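Structural characterization, general
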Amino acid sequence: MMREYRMLVGGAWVEAASGQRFETFNPYTGEAWATLPRGNADDADAAVQAAYGALKRGPWSKLTAAGRGALLRKLGDLMAENAEALARTEVRDNGKLYGEMGAQLRALPQFAYYYAGLADKIEGAVPPPDRDGFFTYTRREPVGVVVCIVPWNSPLALMASKVMPALAAGCTIVLKPSEFTSASALEFGELFEQAGFPPGVFNVVSGFGKEIGQPLVEHPRVAKIAFTGGEESGRRVNELAARHFKRVTLELGGKSPNIVFDDADIESAVNGAVAGIFAAAGQTCIAGSRLFLQDSIHDRFVERLVEVAGAAILGDPNSEETQIGPIATKPQYDKIIEYIAIAKGEGAFCALGGKASELGGQFIEPTIFTGVSPDMRIASEEVFGPILSVLRFRDEEEVVAMANDTTFGLAAGVWTQNIGRAFRMSASLEAGMVWINTYRAVGIGMPFGGMKHSGIGRENGIEGIEGYLETKSVWLNYDGETGNPFVMKIKG
Ligand code: NAD
């Protein structure tokens, strides 16, 4: 039985205006398991109008910040109660490991609780006026209707880091998940209803980027776009938003360096390198896809790396034993296979994998290329799959230059026991996040985001709410005079 999802618009569960639907697939079995409304510009308009109405009129517009916090806390509780069901949907729709999803969903309510706590602590200021008879203050107001667009690799987590701060700030939302993985976001919409959010505050639509994503971005009633996705779509969204002076937060791709010095704890660094690239089958923006090894440890490090990565268990994402699941989408699978051919064609040496897995379907073996030089495409372009490029370096100066020689700037890892070097490296690397003797550590309180082509703005932490607020300066004249020397006195 195929499950049939609907979209949540203005508090009602609706079909697409066109009546059209599309299928979503289970990447493990390759079978379609549900159908979704195929939204277009008409549905975008309906969802934005619902969000705009809820922003300007009705209970949400009058709710205090503490009231918004209370609703977010309820939502957090419901997320915790429904974590198991949501995790199963994500595994089915996306191929993510159940073990990983379970942990992620147990952590997700923290996004709601964190921003619930922050909602009533966003304060304006009372700057001293520079003239007599005036009271001056600032208000922090919600930016307006926010469109949240997320990719397929981690739908719920990437959605939570946008939706929770936006709601805490008082915004209303239209969420558009990826056309490949919309089911969990549509199920998530049910929790908003149960938590008691007024209709129209949170809307979720389904459909393709160009058909409904773009009309959402261009809609005149939308004030801000919070986007996570690939570089090309991010550029397009940024261009469209700029035409209408809309605010943007962009979380885009990466080609992150993971750097191992010869003074590192080698066993930890091997684990960090393996987890850095092979977790989620390399389908994460922060994947440590360029591994830099200092000359003197290169050979023995590669040997151990191949041993550990070669033992990884591929299989059913529902099994607790599985370490690497299938690639989430067929186009992504094809792209990774193509990059393997490109790397071989460029003369990189394949030390592990380098082919589709014998399991068939959308499985690809964990792959390690050594002898990679910075000019190769495999060293500079984001693959978004289980493919590691290994490069060698002489010293600190050389590796900083090589690591920074990329248009991306999302994350970086450094493995060293030398504290001075750790500090120097964290300052020199052009990346939004630097991990020392660890990789992939993330937490709700720490800002997340990239430099250069990896994005604009930061999510998470206190900084994460800033992008959803506008500052308004209020001048209040309480002595009857205008107090403004440039205002003409009205005669007669
Ligand atoms: P994508 O850019 O193809 O799609 C992302 C979302 O944008 C989808 O919902 C899609 O429908 C929508 N979209 C596409 N074109 C659009 C347009 N013109 N207007 C409006 N919406 C549009 O990305 P993807 O393939 O789904 O995801 C993989 C990419 O996401 C990778 O590059 C990865 O690095 C990036 N990513 C970044 C982060 C981060 O936080 N920096 C996290 C995860 C993934």
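Keep in mind that this is a model prediction, so the values were computed, not measured.

With that settled, consider the packing of aromatic side chains. For any pair of aromatic rings, the description rests on two quantities: the centre-to-centre distance and the angle between the ring planes. Scanning the model with the defined rule gives 14 aromatic pairs in all. Note on tyrosine 114 and tyrosine 115: the rings are 4.9 Å apart at their centroids and 75° apart in plane angle, and the pair reads as edge-to-face. Looking at tyrosine 114, the relative accessible area reads 25%, which means it is partly exposed. Look at tyrosine 115 and you get buried, because its relative accessible area is 0%. Among the aromatic residues, those joined into a cluster by ring pairs are Trp60, Phe188, Phe192, Phe197 and Phe202. Against the face of tyrosine 98 rests arginine 88, its NZ or CZ located 3.7 Å from the ring centre.

In space, the seven strands of this open sheet follow the order β14-β15-β16-β13-β12-β17-β18, with mixed pairing throughout. Across the chains shown, the open sheet's two edge strands, defined by having one partner strand only, are β14 (349-352) and β18 (433-436). Pairwise comparison of adjacent strand axes, ignoring direction, gives a mean angle of 25° for this sheet. Across four bridges, strand β17 (residues 411-415) lies against β18 in parallel orientation. Each bridged residue has a counterpart across the sheet, and for alanine 411 the counterpart in β18 is methionine 433. Contacts between helix α11 (residues 266-278) and the sheet are confined to β12 (257-260), β13 (290-294), β15 (367-370), β16 (387-393) and β17, with β16 contributing the most and set at about 135° to the helix.

A few words now on empty space enclosed by the protein. One pass over the structure, following the stated rule, counts three cavities of 30 Å³ or more. Reported here for the largest cavity is a volume of approximately 100 Å³. As for the largest cavity, its lining consists of 13 residues, of which Gly95, Lys96, Ala280, Ala281 and Gln283 are closest to the centre. Each residue belonging to the lining of the largest cavity can be placed in one class, and the counts come to six nonpolar, five polar and two charged. Composition of the lining of the largest cavity by domain shows at least three residues from each of domain 1 (3-252 + 454-474) and domain 2 (257-436).

So, how was this worked out
Residues numbered from 1 in each chain as written. Predicted model: local features only at pLDDT ≥ 70, side-chain atom pairs only at ≥ 80, totals over all residues. Heavy atoms only, no water. Phe/Tyr/Trp six-rings, centres within 6.5 Å; stacked < 30°, edge-to-face > 60°. Buried < 20%, exposed > 50% of the residue type's maximum accessible area, 1.4 Å probe, protein only. Lys NZ or Arg CZ within 6 Å of the ring centre and 35° of its normal. Pairing = 2+ DSSP bridges. Helix = DSSP H or I, 4+ residues; strand = E, 2+ residues; numbered from the N terminus. Axes fitted to C-alpha atoms, helices over the stretch in contact; angles between N-to-C directions. Contact = heavy atoms within 4.5 Å. 1 Å grid on protein atoms, 1.4 Å probe; cavity = no way out; pocket = protein on both sides within 12 Å on 5 of 7 lines; lining within 4 Å. Points joined across faces, edges and corners; volume = space filled by probe spheres on them. Nonpolar A, V, L, I, M, F, W, Y, C, P; charged D, E, K, R; others polar. Domains from an automatic or database assignment.

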